[in-house]
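Residues per chain are reported as follows:
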Amino acid sequence: MTDARVVFIHGLPQRIVEAIISFNPAGFTTTVVDGKSAEDQQVEAVKDADFIMAFRAKLTERILRSAKKARLVQILSAGYDSINLKLLRELGIPCANNGGANSRAVADHAVLAMLSLYRRLMAADRAVREGRWSAAIDGMNTFEMANKVVGVLGFGNIGQKVDRRVQAFDAIVQYYDKFPLSPERERELKVKRVSLEDLFRTSDVITCHAPLTRDTRHIVNRERLSMMKPTAVIINTSRGPVVDEVALADALQQKRIAGAGLDVFEKEPVDPGNPLLRLDNVVVTPHSAGTTWDTWFRRAEFAYQNMKRVWEGEPPQAAAQDYDM
């Protein structure tokens with residue numbers, strides 16, 4: 001039996017590529033293709049591929065239609081928003097994400113953003129470096145996580161990891177998700193489900209972990225931001241369009257909410273003129289929440305094991321199925 005042929009189309013540094021393909025199992029052959037290479041080259045590469053593995057690469061319609069033998073498109077990211085799922089359904093090719101391989105990293109980053117805002121980390125760092133010692137901290141503008149209500153918008157793999165982390169800081173957790181947990185699971189995690197409106201009205205921190213779908217696009221909008229406490233902060237490590245940035249900038253500028261921690265934006269890379277970048281009650285990072293050296297090994301292991309499952313006749317894990325963009 002011939003080896004299973006994997007084509008890995010990417011936009012990554014060579015060291016990371018080498019780490020990923022080191023998980024190539026026996027009976028598999030991986031061909032690496034730079035995502036910036038000519039479309040003709042990518043089309044030629046996928047023609048005989050049994051699997052396409054991708055990260056930070058645009059799989060055009062022509063590339064996908066050329067993958068006549070592909071049994072699975074395996075992406076190393078969590079979100080499907082860069083993939084043409086409608087076309088893949090038409091072609092009968094399933095698509096799977098990374099199976100939560102970066103969920104620990106994203107959960108860590110969400111808590112980091114909360115603490116950075118609560119303790120005015122960036123302002124304090126800047127003041128000390130400029131010789132203004134305690135100018136950023138006046139004894140009234142920093143806060144603790146203990147007894148604060150953290151509202152988790154989207155309570156899947158990442159949301160549940162955030163729950164465990166913030167409860168270690170003695171926070172209280174509530175959540176909203178389209179698909180509620182069982183009462184037994186809620187008791188186990190010490191959380192309660194609330195309505196979307198109550199989540200915004202009663203939370204001290206709202207942290208977004210919902211996938212980007214038709215239902216979640218701008219789920220954080222002007223109306224819901226107006227429901228928040230003036231002392232509340234919002235964190236977004238999911239996808240930029242989950243939040244209406246114009247409404248958020250207005251709410252922050254007018255001090256209707258206290259702050260925001262943003263790892264993602266509606267347009268990426270973010271426009272340097274984006275008004276959110278000019279606000280001192282906003283902490284920003286470059287869509288890096290899920291990117292740590294540790295995650296590549298989990299992403300790669302899951303990806304190759306998932307492809308191996310399909311090669312052996314099993315259905316893929318973490319498949320998009322009816323994911324609605």
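What you see is a predicted model, and the numbers here were worked out from it, not measured in a lab. (Residues numbered from 1 in each chain as written. Predicted model: local features only at pLDDT ≥ 70, side-chain atom pairs only at ≥ 80, totals over all residues. Heavy atoms only, no water.)

## Considering the packing of helix α1 (residues 14–21) against helix α12 (residues 293–311)
Selection rule: Interaxial angles span 0 to 180 degrees and are taken between N-to-C directions of axes, which are lines fitted to C-alpha atoms, for helices over the stretch in contact. Secondary structure elements are defined from DSSP: runs of H or I of at least 4 residues count as helices, runs of E of at least 2 residues count as strands, and each element is numbered from the N terminus. If an angle is under 35 degrees, it is roughly parallel; if it is over 145, roughly antiparallel; if it lies from 65 to 115, roughly perpendicular; otherwise it is oblique. Put simply, a crossing is left-handed when the front helix is turned counterclockwise from the back one by less than a right angle, and right-handed when it is turned clockwise. Residue contacts are defined here by distance: any two heavy atoms, one from each residue, within 4.5 Å place the two residues in contact.
At a minimum axis separation of 8 Å, α1 and α12 run at an interaxial angle of 40°. The angle between α1 and α12 falls in the class oblique. Where α1 crosses over α12, the handedness of that crossing is right-handed. Every residue of α12 that contacts α1 at Arg-15, Ile-16, Ala-19, Ile-20 and Ile-21 is listed here: Trp-293, Trp-296, Phe-297, Ala-300 and Tyr-304.

## Considerations on the sheet that holds strand β6 (residues 149–153)
Whenever strands of a sheet pair, they do so through backbone hydrogen bonds, lying parallel or antiparallel. Applied cut-off: DSSP bridges decide pairing: two strands pair if at least two such bridges lie between them.
Across the sheet, seven strands lie side by side as β8-β7-β6-β9-β10-β11-β12; this open sheet has parallel pairing. Only two strands of the sheet have a single partner each, and these edge strands are β8 (191–193) and β12 (282–284). On average, each strand axis in the sheet is tilted by 15° relative to the strand beside it, whichever way the strands run. One ladder, built from three bridges, connects strand β11 (residues 259–262) with β12; its direction is parallel.

## Focus: the pairing of strand β3 (residues 51–55)
As a reminder of what qualifies: Burial classes: relative accessible area under 20% of the type maximum marks a residue as buried, over 50% as exposed, and values in between as partly exposed (1.4 Å probe, protein chains only). Think of it like this: strands point away, you trace from the first strand over the helix to the second, and a clockwise trace means the crossover is right-handed.
Where burial is concerned, most of β3 is hidden: five out of the five residues are buried. On β3, burial covers both faces: Phe-51, Met-53 and Phe-55 on one face and Ile-52 and Ala-54 on the other are all buried. Of the strand pairs in this sheet, β3 and strand β4 (residues 72–75) are connected by four bridges, and their pairing is parallel. Of the residues in β4, the one forming a bridge with Phe-51 is Leu-72. Each parallel crossover has a hand, and the one from β3 via helix α3 (residues 61–66) to β4 is right-handed.

## Thoughts on the pairing of strand β7 (residues 172–176)
Taken together, the five bridges between β6 and β7 define a ladder with parallel strand orientation. In the sheet register, Leu-153 faces β7, and the bridge partner there is Tyr-176. Crossover handedness for the path β6 to helix α7 (residues 157–167) to β7: right-handed. Strand direction decides the pairing type here: β7 and β8, joined by three bridges, are parallel. Paired with Gln-174 across the two strands is Lys-192, which belongs to β8. Remark: the β7/helix α8 (residues 183–189)/β8 crossover connection has right-handed handedness.

## Looking at the packing of helix α5 (residues 103–118) against α7
Let me state the cut-off plainly: Polar here means any residue other than Ala, Val, Leu, Ile, Met, Phe, Trp, Tyr, Cys and Pro, which are nonpolar, and Asp, Glu, Lys and Arg, which are charged; Gly is therefore polar.
Direction vectors running N to C along α5 and α7 enclose 50°, while the axes themselves pass 8 Å from each other. Taken together, α5 and α7 sit at an angle that is classed as oblique. The interaxial crossing formed by α5 with α7 has right-handed handedness. For the pair α5 and α7, the contacting residues are Ser-103, Arg-104, Val-106, Ala-107, Asp-108, Ala-110, Val-111 and Met-114 in the first and Asn-157, Ile-158, Lys-161, Val-162, Arg-165 and Val-166 in the second. Grouping the amino acids of the contact of α5 with α7 by side-chain chemistry returns eight nonpolar, two polar and four charged.

## Description of the nonpolar core
Counted only if it meets this: Residues belong to a common nonpolar core when they are buried Ala, Val, Leu, Ile, Met, Phe, Trp, Tyr or Cys residues joined through side-chain atoms within 4.5 Å.
In this structure, Val-220, Leu-225, Ile-234 and Leu-248 are the most contacted members of the largest nonpolar core, which totals 29 residues. By residue number, the principal contributor to this core is helix α11 (residues 245–253), which donates five residues. Ignoring any residue separated from it by four or fewer positions in sequence, one finds Leu-225 in contact with Val-220, Ile-234, Ala-247, Leu-248, Ala-251 and Ile-257. Listed in part, the 26 residues of the second largest apolar core include Ala-113, Val-166, Leu-189 and Ala-289.

## Here's the deal with the pattern of salt bridges
Going by this rule: Here, a salt bridge means any Lys or Arg side-chain nitrogen found within 4 Å of an Asp or Glu carboxyl oxygen.
Tallied over the entire structure, the rule returns 17 salt bridges. Linking Glu-130 and Arg-132 is a salt bridge whose minimum nitrogen-to-oxygen distance equals 2.8 Å. Note on Glu-130: relative accessible area 49%, which makes it partly exposed. The salt bridge partner of Asp-198 is Arg-201, with a shortest N-O separation of 3.6 Å. Residue Asp-198 and its partner Arg-201 are both found in helix α9 (residues 196–202); the two are separated by three residues, about one turn of the helix. You can call Asp-198 partly exposed: its relative accessible area is 34%. Via salt bridges that share partners, Glu-39, Asp-40 and Arg-62 belong to a single interconnected network.

## Here we look at unusual backbone geometry
For the bond from Glu-268 to Pro-269, the omega torsion is -5°, close enough to zero to count as cis. Secondary-structure assignment places Pro-269 in the loop between β11 and β12. The backbone of Lys-255 shows a phi angle near 60°, a positive value even though the residue is not glycine. You can see Lys-255 is positioned in the loop between α11 and β11. A residue is classified by how much of its surface remains accessible, and Lys-255, at 53% relative accessible area, is exposed.

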